[in-house]
Amino acid sequence: QVQLVESGGGLVQAGGSLRLSCAASARTFGSYTMAWFRQAPGKEREFVAQIMWSGGSIYYADSVKGPFTISRDNAKNTVYLQMNSLKPEDSAVYYCAARKVGADGYAYWGQGTQVTVSS
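Residues numbered from 1 in each chain as written. Predicted model: local features only at pLDDT ≥ 70, side-chain atom pairs only at ≥ 80, totals over all residues. Heavy atoms only, no water.

Draft legend 1. Quick look at the overall build of the protein chain. Tallying secondary structure elements over the protein chain gives zero helices and 11 strands in all. In the protein chain, the order of α-helices and β-strands from amino to carboxyl end is β-β-β-β-β-β-β-β-β-β-β. For 119 residues, the compact-globule estimate of 2.2 N^0.38 gives 14 Å, and the C-alpha radius of gyration of the protein chain, at 13 Å, lies within 12% of that figure. Overall, the C-alpha framework of the protein chain stretches about 40 × 25 × 25 Å when taken along its three principal axes. (Helix = DSSP H or I, 4+ residues; strand = E, 2+ residues; numbered from the N terminus. Rg over C-alpha atoms; globule rule 2.2 N^0.38 Å.)

Now the structure itself:
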């Protein structure tokens, strides 16, 4: 069982930055692919970014490519999402997710952290 706890959300003006953190309880954190998803009111949850266990392969949704950066520190069991040049449309609840290497989907999810970008 993996527990994920996000932090770092909040209210920011358009053009501002936030850094989200996700702390994982897994003893073998390095064997998990980590990702960020987000869900805005009335919309489906959508993929934001993913980082493989080694940190060598990183993928982003087209909508965040450039301003957002995902990274991980396996020694701290933590994955980060640096969000720059934020827009009101980036407002959502952001979720951290973990997928065991070799598994089909993301089995572990955090409780989410709210990001609100004001115009």
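Draft legend 2. Inspection of the side chain of Arg72 at higher detail. Mapped onto the elements, Arg72 comes out in strand β7 (residues 68–73). The buried charged residue Arg72 lacks any salt bridge, with Asp73 as its nearest oppositely charged partner at 8.3 Å. Looking at Arg72, its side chain comes within polar contact range of the main-chain oxygen of Met52, at 3.0 Å. In this structure the side chain of Arg72 is engaged in a polar contact, spanning 2.7 Å, whose partner is the side chain of Asn74. (Buried < 20%, exposed > 50% of the residue type's maximum accessible area, 1.4 Å probe, protein only. Lys, Arg positive; Asp, Glu negative; His and termini not counted. Salt bridge = Lys/Arg side-chain N within 4 Å of Asp/Glu carboxyl O. Polar contact = N/O pair within 3.5 Å; in protein donor to acceptor, adjacent residues only side chain to side chain.)

Draft legend 3. A look at the sheet that holds strand β3 (residues 18–24). Reading across from one edge, β1-β3-β8-β7 is the order of the four strands in this open sheet, with antiparallel pairing throughout. At either margin of the open sheet sits one strand with a lone partner, and together these are β1 (4–7) and β7. When strand polarity is set aside, the average angle formed by the axes of neighbouring strands in this sheet is 15°. (Pairing = 2+ DSSP bridges. Axes fitted to C-alpha atoms, helices over the stretch in contact; angles between N-to-C directions.)

Draft legend 4. Looking closely at the packing of aromatic side chains. Considering all chains together, one arrives at five aromatic pairs under this definition. Seen from their ring centres, Tyr32 and Tyr108 are 6.2 Å apart, and the 75° between their planes marks the pair as edge-to-face. Here Tyr32 is found in strand β4 (residues 32–39), whereas its partner Tyr108 is found in strand β10 (residues 108–109), with 76 residues between them in sequence. Here Tyr32 falls in the buried class, since its relative accessible area comes to 8%. Where Phe37 meets Phe47, the ring centres are 5.7 Å apart and the plane angle is 75°; that geometry is what we call edge-to-face. Residue Phe37 is located in strand β4, and its partner Phe47 is located in strand β5 (residues 46–51); the two are separated by 10 residues in the primary sequence. On the basis of relative accessible area, Phe47 is assigned to the partly exposed category, the value being 29%. Members of the aromatic cluster, connected to one another through ring pairs, are Phe37, Phe47, Tyr106 and Trp109. Sitting above the plane of the Phe29 ring, Arg72 keeps its charged end 4.5 Å from the centroid. (Phe/Tyr/Trp six-rings, centres within 6.5 Å; stacked < 30°, edge-to-face > 60°. Lys NZ or Arg CZ within 6 Å of the ring centre and 35° of its normal.)

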